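Architecture at a glance
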Amino acid sequence: MSEIHEPDAPQSTSDMAMTGRMDVSAALEGVDISETVSNIVFDLANVRVFYGDFEAVRDVTMQIGRNEITAFIGPSGCGKSTLLRSFNRMNDLIPGARVEGLLAYHGFDIYAPDVDPIEVRRRIGMVFQKPNVFPKSIYENVAYGPKVNGMKVNMDDLVEECLTRAALWDEVKDDLKKSAYALSGGQQQRLVIARCIAVKPEVILMDEPCASLDPIATAKIEDLMKELAKDYTIVIVTHNMQQAARVSERTAFFTADVDANGVRHGRLVEYGPTRRIFTAPHDPRTEDYISGRFG
Amino acid sequence: MTTTLVESAPGGLNPLRQTKPRYGEKVIRVILFAAAAVSILTTFGIVISVLIPSLEFFAEIPITEFLFTTTWTPLFANPQYGVLPLIMGTLVITLIAVLIAIPLGLGSAIYLSEYASPKARKVLKPTLEVLAGIPTVVFGFFALEFITEFVLKPIFPGIQVFNALSAGIVMGIMIIPTIASLSEDAMAAVPAGLRDGAYALGATKRQTALRVVVPAALSGIVAAFVLGISRAIGETMIVTVAAGLQPNMTLNPLEGMQTMTSYIAAAGAGDVATGSIEYKSIFAVGLLLFVITFFMNMVSIRLVRKYRQAYQ
Ligand SMILES: Nc1ncnc2c1ncn2[C@@H]1O[C@H](COP(=O)(O)OP(=O)(O)O)[C@@H](O)[C@H]1O
Ligand SMILES: [Mg+2]
């Protein structure tokens, strides 16, 4: 598990760029895919996200493909989480937050006045940076979503199925009644994923799901993501470019521009197949970022 | 690094030794210890001063008669010391108070923590806490003059002027702020990530509040309940003013009752001769009250610990 480090003493900038680039390429997998997204789940046109008067994300236009893993990368504070949270209307919970432009899910504007955010969130699940298991048993954590959504299912079967899909069943099958807090961080994050898929969403949004995990737990979550991508559409925010290279089909690179008043606004710089973004970026800012010259 | 330090400190002196005496540390230690000692010693003093006359009381009246007989007439020519009517009075009034205060207190807490806008919360929480600052004697007259007269009489025409119901209701109102404020603190301490987790599963606000936030804050909420109940059991003025001073072995809240506290207050204020058996009975009832409250606190600590273990 090699990570990208800022080299301690680079001999020359070009050298550094080379090293950074080669490190990431080593992690790239899969075949080249087309620049255009064919099976569109999310279609964003000029999306802007505001906190009060502050425009945190500016003018994003992009498409997210079905059963693909799409990675959002970019420096801290460039609006990756903000944009991700607008996909399932989690931003509604923040007073003053608001979205402009068109954010369509299968052709339906999810910010249309007649849309129920609760329905949106049931179809578009979310996994957070800090594993936020509920202070309940492992079983109750998985069963919570189906219960609040009034799903008529055999709960025991569903719990087993979801824990199995989240690659956690074998580790917890004898401890289902135990508190979820007894699990390790990596297990908790897999429990959160199991809890998320229990409501049968179509999309899973993940905001730096491995940021608080050790490399071994991270590898397990990454394997799991690839497995889940067969049935789910996944959008993941990550700080770890190796991770983006390892797991995603497409990568979006965001950065923050400073306007005339010194205010930083996040914007999408470049979006395309992950392999292409990491080997032949079109924008020099993308090139700088992936090669380790952050900014 | 170590080498250079040793070289710069000739004479073999340890360069890491303390060079300045820190008198302030010692002084503050002594002062803080004294502060802690005062409250511990006071508690001991109280226990002993209650215990001695109580033991003298039980030397004359068997403890079984005290605990298990049902007539409390210490001032009669032929006095009887069965404490059960006083326990009954305390129980009935506390129960009424709890039935009022737990739903309203928890409801206010859930509203304040989960539903109210930050602005509304800023106004409402201090307002609620003002309620906690009203002297209990005022609550007592509110029970007697308003609740009994204008609320209960129209509903229950046969109600006695002094009755357990009005005292219980008003005592419940009195402890709402305790329960609401402490429960709200407990819920505010629940990490925002848990709420996000619930909302992200398609939970409504109500489902998030009742099925995630309240269970997560349960240990704090239970502690708030117990503190509220302890206040109700120990509350004296409201019952003295509004519930009457007649020991009454009944479950009917429309009648007057005497509680353990109001007996202590009334007998203590009356002219009982120091050293007499009536005088000692005050301490015996006080000891019983102390034991009950102590037992409740133990239970609450146990409960809180149990939830902590399960949920953290
Ligand atoms: N709840 C909020 N209220 C106001 N500003 C916020 C809020 N959350 C994030 N921001 C601001 O929005 C910008 C983007 O933040 P964020 O989306 O968290 O970036 P990233 O996830 O890329 O690190 C930052 O300037 C941040 O300070
Ligand atoms: Mg973020």
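Going by the structure above, here's the rest.
Notes on the structure follow.

1. A closer look at the packing of helix H8 (residues 192-199) of chain B against helix H9 (residues 205-216) of chain B
For any two helices packed against each other, the geometry comes down to the angle between their axes and how far apart the axes lie. Residues and elements named next belong to chain B. At a closest axis distance of 10 Å, the pairing of H8 and H9 adopts a crossing angle of 140 degrees. Here H9 runs oblique to H8, going by the angle between their axes. In this structure, H8 crosses over H9, and the sense of that crossing is right-handed. On H9, the residues touching Leu 194, Arg 195, Ala 198 and Tyr 199 of H8 are Lys 205, Thr 208, Val 212, Val 213 and Ala 216. When the residues that make up the contact of H8 with H9 are grouped by side-chain class, the tally is 6 nonpolar, 1 polar and 2 charged.

2. Digging into unusual backbone geometry
Residue and element names in this part refer to chain A. Of note in the backbone geometry, Asn 46 takes a positive phi value of approximately 50 degrees without being a glycine. Mapped onto the elements of the fold, Asn 46 is located in strand S1 (residues 40-51). In this structure Asn 46 comes out as partly exposed when scored by relative accessible area, which is 41%. Even without a glycine there, the phi angle at Arg 89 is positive, about 60 degrees. Topologically, Arg 89 is positioned in the loop between helix H2 (80-87) and strand S4 (97-105).

3. Some remarks on helix H5 (residues 155-165) of chain A
Residues and elements named next belong to chain A. The set of residues buried in H5 consists of Met 155, Leu 158, Val 159, Cys 162 and Leu 163. One side of H5 carries all its buried residues, which in axial view fall inside an arc of 125 degrees. On its buried face, H5 is in contact with helix H4 (138-148), helix H6 (169-172) and helix H7 (185-197). By the N-cap criterion, in which a side-chain oxygen at the helix start approaches the backbone nitrogen of a residue two or three places on, H5 is capped by Asn 154, the distance to Asp 156 being 3.1 Å.

4. Quick look at the sheet that holds strand S5 (residues 108-109) of chain A
Residue and element names in this part refer to chain A. With mixed pairing, the 10 strands of this open sheet are ordered in space as S5-S4-S1-S2-S10-S9-S3-S8-S7-S6. Two strands lie at the open edges of the sheet, namely S5 and strand S6 (124-127), each paired on one side alone. Along the sheet face, helix H8 (residues 215-228) touches strand S3 (69-73), strand S7 (203-207) and strand S8 (233-237) and points at about 150 degrees away from the line of S8.

5. Quick look at the environment of Val 214 of chain B
Residue and element names in this part refer to chain B. Assignment of secondary structure puts Val 214 in helix H9. Note: C-alpha distance between Val 214 and Ala 59 (155 residues apart in sequence) is 49 Å. Every residue in contact with Val 214, bar those within four places of it in the chain, is listed here: Ile 110, Met 187, Ala 209 and Ile 221.

6. Comments concerning the interface of chain B and chain A
Accessible area lost when the parts come together is the quantity often used to give the size of an interface. If you look at the interface, chain B gives 20 residues, while chain A gives 25 residues. Taking both partners together, chain B and chain A bury about 1,800 Å²; carbon and sulfur atoms supply 64% of that area. At the boundary of chain B and chain A, one finds 1 salt bridge. A salt bridge links Arg 85 of chain A to Asp 196 of chain B; its shortest N-O distance comes to 3.6 Å. Between the two partners, chain B and chain A, sit 5 residue pairs in polar contact (both at pLDDT 80 or more). Among the elements of the structure, H8, H9 and helix H13 (277-311) of chain B are those that each provide at least two residues to the side of chain B that touches chain A. For the side of chain B that touches chain A, the residue count by class is 11 nonpolar, 7 polar and 2 charged.

Definitions and limits used
Residues numbered from 1 in each chain as written. Chains lettered and ligands numbered in written order. Predicted model: local features only at pLDDT ≥ 70, side-chain atom pairs only at ≥ 80, totals over all residues. Heavy atoms only, no water. Axes fitted to C-alpha atoms, helices over the stretch in contact; angles between N-to-C directions. Helix = DSSP H or I, 4+ residues; strand = E, 2+ residues; numbered from the N terminus. Parallel < 35°, antiparallel > 145°, perpendicular 65-115°, else oblique. Left-handed = near helix turned anticlockwise from the far one by under 90°. Contact = heavy atoms within 4.5 Å. Nonpolar A, V, L, I, M, F, W, Y, C, P; charged D, E, K, R; others polar. Buried < 20%, exposed > 50% of the residue type's maximum accessible area, 1.4 Å probe, protein only. Arc of directions from axis to C-beta. Polar contact = N/O pair within 3.5 Å; in protein donor to acceptor, adjacent residues only side chain to side chain. Pairing = 2+ DSSP bridges. Buried area = accessible area lost by both parts, 1.4 Å probe. Salt bridge = Lys/Arg side-chain N within 4 Å of Asp/Glu carboxyl O.

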